[in-house]
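# Per-entry structural report
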Amino acid sequence: MAETIIIRVQSPNGMKKISATKKETAAAFLNKVGKEFGFTSNGFSIYLNRNKTNEIQSQNKSLSLLKIKHGDMLFLYPSGSLGLSAETMDVATPHSSSSSLPSPSSLISRSQSAPQIPEDEIDQYLAKQEGKIYRNKDPQLCRHGSMGKCVHCVPLEPFDEEYLSHLEPPVKHMSFHAYIRKLTGGADKGKFVALENISCKIKSGCEGHPPWPEGICTKCQPSAITLNRQKYRHIDNIMFENHTIADRFLDFWRKTGSQRMGYLYGRYTEHKDIPLAVRAEVAAIYEPPQIATQNSLELVDDPKAAAVEEIAAKLGLRKVGWIFTDLLSEDTRIGTVKYTRNKDSYFLSAEECITAGHFQNLHPNPCRLSPDGHFGSKFITVVATGGPDNQVHFEGYQVSNQCMALVRDECLLPCRDAPELGYAKESSTEQYVPDVFYKDKDKFGNDITYLARPLPVEYLIIDITTTFPKDPQYTFSSTQRFPIENRDVLGETQDFHSLATYLSQATSTVFLDIVSDFHLLLFLVTNEVMPLKDSIGLLLDAVRTKDEDLAQTWRKSEQWATIEQLCSTVGGHSSGPQEYGAMGGGRSSPASSSMWSCLHCTFMNQPGTELCEMCSLPRG
């Protein structure tokens, strides 16, 4: 029997061991390699050397004549991949699931492994920035000329932890782009960097055993997870454009005592106080339909969700996060609230962490370094709660990528009696759950590993500074307050009567300032009587670019004229020369010159008709 030898074959997709014999021909060996790697006979080339020299041709010579011995390493390159660098064939480092970020275990080059998906504009901008932290010459320590540099004044890298810790206030988490610079700053310039998303599910396609729960192996079994505090964050600062946005949101709690939830719409910009940092600027809050009590919130289906997203996109905005209140009044006379969220209780409950993780999974962050095309999320969580001074404070958070993975794969549960604790599910016949651990110190200062049943949610939370600018900014410049959607419980409804009242009370003579209100624009698009979804694009462009001439052009359209007539009809009880000044003139007093609403079917009929065009019943 011929002596069996093992030959290692390295490819851009990894290394495999091929069994052969010394007397086996090169042609037969190449066929084995092709089957093993899934190539056709002409789809690859094999070389004796890494630099693509001494190619093994498909011939009848035996492996012994080609001087190929047991344990030799051969190098496979797919056809058409001549541009691949030989450095992409280096041996991978072992993957450790206990890290918050996986190590670069993939041998596929970044240009081939990551799908070409467009990143956010702010990410593209920051990727082009140098990011160095420049320092002035130290008069005491520097002993060189004005053109020289030394260790005391040389520019620092954006991920320098000592520099970040000495900022005021200290920065615990470097920015995500600074972390990328850290990964790509070595000798290989990030050639092997692959930000892989953690998976807690069994890998599919393993045919060596029956499916779970009858069988599992090390190839398909997800690795155990050790929770670590994430060293970076995708968002470094949250800024509300002005206090009015937050005050109007808090009005619901002030008037009802019930909690409230809303979606934050804004944009991502550069935060210049931290190297290569990203800021989430909030321009508006949309309040979806919800059932609210003093202690709970429940979201219900929102038929307007798609329309809100479309309007926001045309206004140059996007959904950047969510906000909710957790407020308990302490003294109504002086307006103080209770300080309930602190280091002795919790900052985010496990249930809130799971909800935040769910939202972050719905809004992944596009990333060129990830084989999946996305990594982490920029979606933020803001809590309006009592602070140490018993005033309302806004606290910003995100949950870690590990928490996102646990929530996405349904491995994390809240504890009923302890809101500050989560619980990693146990494996069942329906679902395999990998072991989840976390480390803590005992009373002697030793690191002890605990099973995450239960687990403190502080391992999953990343805090973000929430601010208001000294000089308020206004994406929406209206000084009037159009009613906010889904507040019927307060008696605040969005209808044409409220629109007529809003326009009649307008003090500005600039049409753009009057219609520049997020909630008003949403009503114009989503109302059931006269929706302007297909004709409001010009007005949205005017609000986005703050172009008064463009707004005046839209004001002369038939759609706005119809809106004026509807407002005149429902506002017939009012009178006066200043009524509906925003529409450019007084309303007509004769009822026959305005549209009228049918008492039977509510259809809006043209003036001068006595029978309803829809139901044919008399106007009476």
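Please read these numbers as outputs of a predicted model, since none were measured by experiment.

If charged atoms from side chains of opposite charge come close, those side chains can pair. Under the criterion given, the structure shown has 29 salt bridges. Linking Lys182 and Glu161 is a salt bridge whose minimum nitrogen-to-oxygen distance equals 3.8 Å. Taken together, the residues Lys182 in helix H5 (residues 176–183) and Glu161 in helix H4 (residues 161–165) connect sequence positions 21 residues apart. Relative accessible area serves as the criterion here: at 38%, Lys182 is assigned to the partly exposed category. One network of salt bridges, with partners in common, ties together Asp120, Asp123, Arg318 and Lys378.

Right, let's get into H5. By the criterion of burial, H5 is predominantly enclosed, with six of the eight residues buried. Turning to H5, its buried residues number three or more, namely Phe176, His177, Ala178, Tyr179, Ile180 and Arg181. The secondary structure elements touched by the buried residues of H5 are helix H3 (121–127), strand S5 (174–175), strand S7 (232–233), strand S16 (364–366) and strand S17 (374–377).

What you see with strand S21 (residues 421–424) is a clean split: Gly422 and Ala424 sit on the buried side and Leu421 and Tyr423 on the side with no burial. Here strand S20 (residues 412–414) pairs with S21 via three bridges, running antiparallel. Looking at the pairing, Leu412 lines up with Ala424 of S21. Hairpin remark: S20 followed by S21, antiparallel, with six residues in the connecting loop.

A few words on the confidence of the model for the protein chain. Residues of the protein chain with pLDDT of at least 70 account for 88%, and the chain-wide mean is 84. Mean pLDDT across the elements of the protein chain bottoms out in helix H2 (residues 110–113) (43) and peaks in strand S8 (residues 237–240) (97). Confidence drops under pLDDT 50 across residues 81–114; counting only partners more than four residues distant or on other chains, this segment forms 82 contacts. Contacts from residues 572–593, a stretch scored under 50 in pLDDT, to residues over four places away or in other chains number 40 contacts.

Overall, antiparallel pairing links the three strands, which are arranged S20-S21-S24 in an open sheet. Sheet topology places S20 and strand S24 (455–456) at the edges, where each strand pairs with a single neighbour. Docked against the sheet, helix H8 (residues 350–362) engages S20 and S21, running at close to 140° with respect to S20.

With that settled, consider the nonpolar core. Counting residues in hydrophobic clusters, the biggest one holds 77 residues, and the most contacted among them are Leu227, Leu315, Phe476, Leu499, Leu524 and Ile536. No other element matches the seven residues that helix H12 (residues 518–526) contributes to this core. What Leu315 contacts, discounting residues up to four positions off in sequence, is Phe476, Phe518, Leu521, Leu540, Val543 and Arg544. Counting residues in hydrophobic clusters, the runner-up holds 26 residues, among them Ile122, Ile238, Val382 and Phe394.

This brings us to the sheet that holds S8. Overall, mixed pairing links the seven strands, which are arranged S8-S10-S9-S13-S18-S19-S25 in a closed barrel. When strand polarity is set aside, the average angle formed by the axes of neighbouring strands in this sheet is 35°. Here strand S18 (residues 380–386) pairs with strand S19 (residues 392–399) via six bridges, running antiparallel. Paired with Thr385 across the two strands is His393, which belongs to S19.

We describe a pair of aromatic rings using the distance from one ring centre to the other and the angle between the two ring planes. In total, this model carries 21 aromatic pairs according to the counting rule given. Arranged with centres 6.1 Å apart and planes meeting at 20°, the rings of Phe176 and Phe375 form a pair that is stacked. Taken together, the residues Phe176 in helix H5 and Phe375 in strand S17 connect sequence positions 199 residues apart. When sorted by exposure, Phe176 lands in the same class as Phe375, which is buried. Aromatic ring contacts, followed pair by pair, group Tyr263, Trp322, Phe324, Phe359 and Phe379 into a single cluster. When the ring centre of Phe37 is taken as origin, the NZ or CZ atom of Lys16, which lies over that ring, is 5.1 Å away.

Packing of H8 against helix H9 (residues 401–408) leaves a shortest axis separation of 8 Å and a crossing angle of 90°. For the element pair H8 / H9, the angle class is roughly perpendicular. On H9, the residues touching Cys353, Ile354, Gly357, His358, Gln360 and Asn361 of H8 are Cys403, Met404, Val407 and Arg408. Considering only residue class, the contact of H8 with H9 consists of five nonpolar, four polar and one charged.

The rules behind the values
Residues numbered from 1 in each chain as written. Predicted model: local features only at pLDDT ≥ 70, side-chain atom pairs only at ≥ 80, totals over all residues. Heavy atoms only, no water. Salt bridge = Lys/Arg side-chain N within 4 Å of Asp/Glu carboxyl O. Helix = DSSP H or I, 4+ residues; strand = E, 2+ residues; numbered from the N terminus. Buried < 20%, exposed > 50% of the residue type's maximum accessible area, 1.4 Å probe, protein only. Contact = heavy atoms within 4.5 Å. Pairing = 2+ DSSP bridges. pLDDT = per-residue confidence, 0-100. Axes fitted to C-alpha atoms, helices over the stretch in contact; angles between N-to-C directions. Core = buried A, V, L, I, M, F, W, Y, C linked by side-chain atoms within 4.5 Å. Phe/Tyr/Trp six-rings, centres within 6.5 Å; stacked < 30°, edge-to-face > 60°. Lys NZ or Arg CZ within 6 Å of the ring centre and 35° of its normal. Parallel < 35°, antiparallel > 145°, perpendicular 65-115°, else oblique. Nonpolar A, V, L, I, M, F, W, Y, C, P; charged D, E, K, R; others polar.

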